[in-house]
Amino acid sequence: MNEYSPNLAVIKKVRKETHDTNTYTLEFSDKKLQKSFSPAPGQFMMLSLFGIGESAISLSGTSNNGSVTTTIRNVGSVTNAVLRLKEGDFIGMRGPYGNGWPLERAEGKNVLIVVGGMGIVPLRGVVNYIKNNRKKFGDLEIIYGARTPDDMLFRYEFEKWKQIKNTRLDLTVDELPIETTSKCKIGLVTSCFPSMKTHHKNAIVLVCGPEIMMRYAAKCLETIGFKDQQIYLSLERRMKCGIGKCGHCQIGLKYVCKDGPVFNYADIKPFIHPL
Amino acid sequence: MNSYNIEKKDMNILLDRFLEDYKVFGPTRPGADSTFDEITSIKQLHLDYTSTVLPPKKFFHPPKETLFSFELKNDKFTTKESIQDKKILILGIHPCDVHAILKLDKFFSTDFSDTYYQNRRKNTVLVAINCVEPSEHSFCSSMGTGPYLDEGYDILLTDIGTKYLVEIGSKTGQKLVEGVNLRKATETDFHEKERRLKLMEKKIKKFMNTTWLPRIARENLDHEVWLDLGEHGGVDGSFPCLSCGSCSLVCPTCYCYDVYDTMDLSLISGTRNRELDSCQLLEYGEVALGDNFRRDRKDRIRHWMLCKFGAAAGGKNSSCVGCGRCIRVCPSKIDLTEVAKVIRGGKQR
Ligand SMILES: Cc1cc2nc3c(=O)[nH]c(=O)nc-3n(C[C@H](O)[C@H](O)[C@H](O)COP(=O)(O)OP(=O)(O)OC[C@H]3O[C@@H](n4cnc5c(N)ncnc54)[C@H](O)[C@@H]3O)c2cc1C
Ligand code: SF4
Ligand code: SF4
Ligand code: FES
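Residues numbered from 1 in each chain as written. Chains lettered and ligands numbered in written order. Predicted model: local features only at pLDDT ≥ 70, side-chain atom pairs only at ≥ 80, totals over all residues. Heavy atoms only, no water.

Observations regarding the environment of Thr66 of chain B
All names here are of chain B. Looking at the secondary structure, you find Thr66 in strand S4 (residues 64–73). Residues Thr66 and Glu81 lie 15 residues apart in sequence; the distance between their C-alpha atoms is 8.4 Å. Each residue touching Thr66, except ones within four places of it in the same chain, is listed here: Ser82, Tyr116, Thr271, Arg272 and Asn273. Here the side chain of Thr66 touches Asn273 through a polar contact of 3.1 Å, side chain to side chain. (Helix = DSSP H or I, 4+ residues; strand = E, 2+ residues; numbered from the N terminus. Contact = heavy atoms within 4.5 Å. Polar contact = N/O pair within 3.5 Å; in protein donor to acceptor, adjacent residues only side chain to side chain.)

And the structure:
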């Protein structure tokens, strides 16, 4: 088998999230592949636009029939081309790659999710997983920061999330337009920590967002008693292969694509703080 | 395994045998430098070379290659892989370069297998030659990769005067010499090999102490030598690194590559390709919104050095084999053996 060879997938549905971000429901054209496809939350795919290139893209959701959703923000050539695709269009896809979130470790614990911007994407699967396996987990708390209320992804699901038993959702933004009706707080995700319900005892923290935000979030969590070992971060690096061969995603002695993208903070700490 | 000897003047017989089954590549000397090129007649072959500019990596992990082509048909893309299965034989490869290939073999097969590398490798026969004359920059004896070879070859030659000692290392190697009228090697041949290799070892002038080196490197991430290498120069007379990436291109264990697509003018078909890349280049660590994890030159050269010291993600599979090529080509006179001394604290700058 050639790991570099993308499989054809068809876009079943496009949903607009924000001015530069859409969510796509994708299905492999190969029905057998489709049936056996069962990625875990936090894993990612290499999406291919023939003639343009490949990009690492997290899975934002999965369903029983093997179809998946990805949520993609337009930042450059591949992602820009993706944004122009319609339902019925084809795209190349290979994966899933990476380790995903430590869900087994999280069982029996209170789960705190701290996300910024696009960081919500790989964690949406975790929220849904907890919803579907509610008894296995303790309390769930989600702290989500975005630039403005209009930049928030999956807004249409917030009500459903809040209705998950023992769940708290805290939203914050960098700026609030004057004309807005939104009741969001203003401030960085870390400004939500004082009102946080999750206590460090018997908790696990899953963090994803811009690296600078993760650095600060992890530091602040430390000061309020969380141990490094309780904190997991999903890192982003430039990725050209997704399978530990092109070298681009190296961090310290690890490949983010193969050994991550989710790392325990204790292991990765020396490498994400500026030296 | 069997051993034979062959008169140097009869090497053409062996070459002709190789040519029956394989495209043969070996050291040629088109100018002052040696290079691995196709050999069709014994006249082109220069087995008495010290080092080549590019390592034989180019045969397995070429500077540039097409992974597959694609075509748009009825709104759907079809892809066609370009798999290379030409049988080749590399004649006259040195121990350090064989060790580099063994490292890449491991690298390209762990966890995920790289079809393109594996296919080429599978179809390659290695006829190695022990080194009897070091290049001024090589330090293979420090790295345990030379001047003797004891693994990884199909056939191993050693210059023992007017003859070559021919040692067989695999079934493929054995099959290749069957039918060629070779004499059985004698005790004297082996003594001569031993003598010459001992002599060779004495001629090596460069060393690198590798004890705990990966660990020492990791514990010295904020050593001032990195800033000196990147910005000030002065590490044993070096100039600041130019971020030219030459060191990666000539290194037999540097594996990093970039991937890009090309499209025909028709916009119907195109290719996906890969090309060797280097962590010394600015773009290598770029991510969204202009961020870069290794923007400073000191960070890039540090990463490269750590990789070569076995302290990056590639581990032992991308560490140095002591071929000396990077030292030779570096326009800024940067020498990793000197860097190793500095981070050990063994040398004042
Ligand atoms: C594990 C992982 C999961 C990801 N999940 C998602 C996701 O779910 N949704 C999403 O929209 N994006 C995601 N990304 C980011 C996405 O891969 C990049 O935004 C994308 O590759 C940019 O490609 P491009 O061709 O559109 O941009 P380019 O034209 O190649 O570049 C535009 C800008 O993006 C930078 N860039 C290129 N590759 C990457 C990269 N891998 N990571 C960050 N920046 C990059 C370039 O340096 C440049 O500044 C993820 C990245 C990783 C590593
Ligand atoms: S680091 Fe330099 S000396 Fe070592 S194998 Fe690479 S090119 Fe040769
Ligand atoms: S060859 Fe020398 S100058 Fe060029 S990138 Fe390597 S260390 Fe820097
Ligand atoms: S993306 Fe290529 S090594 Fe990780």
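Quick word on the layout of surface pockets
Residues and elements named next belong to chain A. Put simply, the second largest pocket is a space of about 640 Å³. For the lining of the second largest pocket, the elements supplying multiple residues, two or more each, are strand S1 (7–18), strand S2 (21–28), strand S4 (53–62), strand S5 (68–73), helix H4 (121–132) and helix H5 (158–163). If one sorts the elements of the lining of the second largest pocket by residue count, H4 sits on top with six residues. Residue composition of the lining of the second largest pocket, grouped by class: eight nonpolar, 14 polar and six charged. Lining the lining of the second largest pocket are residues from two domains, each supplying at least three of them: domain 1 (7–97) and domain 2 (103–271). (1 Å grid on protein atoms, 1.4 Å probe; cavity = no way out; pocket = protein on both sides within 12 Å on 5 of 7 lines; lining within 4 Å. Points joined across faces, edges and corners; volume = space filled by probe spheres on them. Nonpolar A, V, L, I, M, F, W, Y, C, P; charged D, E, K, R; others polar. Domains from an automatic or database assignment.)

Regarding the environment of Asn166 of chain A
All names here are of chain A. In this structure, Asn166 sits in the loop between H5 and strand S9 (167–173). As a C-alpha pair, Asn166 and Asp139 span 27 residues in sequence and 5.2 Å in three-dimensional space. In contact with Asn166, not counting residues within four places along its chain, are Arg134, Asp139 and Leu140.

A word on the side chain of Lys193 of chain B
All names here are of chain B. On the secondary structure map, Lys193 appears in helix H6 (residues 187–203). You can call Lys193 buried: its relative accessible area is 11%. Those residues in contact with Lys193, other than ones at most four positions away along the chain, are Asn130, Leu156, Thr158, Ile160, Leu165 and Glu167. (Buried < 20%, exposed > 50% of the residue type's maximum accessible area, 1.4 Å probe, protein only.)

Observations regarding the domain arrangement of chain B
Residues and elements named next belong to chain B. According to the domain assignment, chain B consists of domain 1 (3–203) and domain 2 (213–343). A C-alpha centroid distance of 26 Å is found between domain 1 and domain 2. Facing the 40 residues of domain 1 at the interface are 35 residues of domain 2. Between domain 1 and domain 2 lies a buried interface of about 3200 Å² when both sides are counted; carbon and sulfur atoms form 58% of it. Ranking the residues of domain 1 by area buried against domain 2 places Phe70, Lys103 and Phe139 at the top, with a combined share of 19%. Linking domain 1 with domain 2 are five salt bridges, by the criterion used here. Where domain 1 packs against domain 2, one counts 19 residue pairs in polar contact (both at pLDDT 80 or more). For the side of domain 1 that touches domain 2, the elements supplying multiple residues, two or more each, are S4, helix H2 (95–107), helix H3 (115–122) and helix H4 (140–143). For the side of domain 1 that touches domain 2, the leading source of residues is S4, giving nine residues. Classifying every residue of the side of domain 1 that touches domain 2 by side-chain character gives 20 nonpolar, eleven polar and nine charged. (Buried area = accessible area lost by both parts, 1.4 Å probe. Salt bridge = Lys/Arg side-chain N within 4 Å of Asp/Glu carboxyl O.)

What to know about the packing of helix H6 (residues 211–223) of chain A against helix H8 (residues 265–272) of chain A
All names here are of chain A. Interhelical geometry of H6 versus H8 gives an angle of 125 degrees and a closest axis separation of 12 Å. With respect to H8, the element H6 is oriented oblique. Seen from above, H6 lies across H8 with left-handed handedness. Counting all contacts with H6, which are made through Glu211, Arg215, Ala218, Lys219 and Glu222, the residues of H8 involved are Tyr265, Lys269 and Ile272. Its residues placed into classes, the contact of H6 with H8 shows three nonpolar, no polar and five charged. (Axes fitted to C-alpha atoms, helices over the stretch in contact; angles between N-to-C directions. Parallel < 35°, antiparallel > 145°, perpendicular 65-115°, else oblique. Left-handed = near helix turned anticlockwise from the far one by under 90°.)

Structural notes on the site of ligand 3
Close to ligand 3 lie 13 residues, the nearest being Cys241, Cys244, Gly245, Cys247 and Cys330 of chain B. In terms of residue class, the shell around ligand 3 is built from eight nonpolar, five polar and no charged. (Near = heavy atom within 4 Å.)

Things to note about the pattern of salt bridges
The final tally for this structure, using the stated rule, is 48 salt bridges over all chains. Its salt-bridge partner being Glu54 of chain A, residue Arg94 of chain A comes within 2.7 Å of it at the nearest N-O pair. Taken together, the residues Arg94 of chain A in strand S6 (residues 90–97) and Glu54 of chain A in strand S4 connect sequence positions 40 residues apart. Judged by its relative accessible area of 2%, Arg94 of chain A is buried. We note a salt bridge from Asp10 of chain B to Lys9 of chain B, for which the minimum N-O separation is 4.0 Å. Look at Lys9 of chain B and you get exposed, because its relative accessible area is 66%. A cluster of three or more residues bridged by salt bridges with shared partners is formed by Lys8, Asp159, Glu192, Arg195 and Arg196 of chain B.

Examining empty space enclosed by the protein
Residues and elements named next belong to chain B. Throughout the structure, instances matching the rule amount to four cavities of 30 Å³ or more. What the largest cavity holds in volume is close to 140 Å³. Taken together, 19 residues make up the lining of the largest cavity; nearest its centre are Cys241, Cys247, Gln280, Cys330 and Ile334. Going through the elements one at a time, helix H9 (246–250), helix H10 (297–308) and helix H11 (325–329) are the ones with two or more residues in the lining of the largest cavity. In terms of residues, the lining of the largest cavity owes the most to one element, H10, which gives three residues. Residues of the lining of the largest cavity, tallied by class, amount to 13 nonpolar, five polar and one charged.

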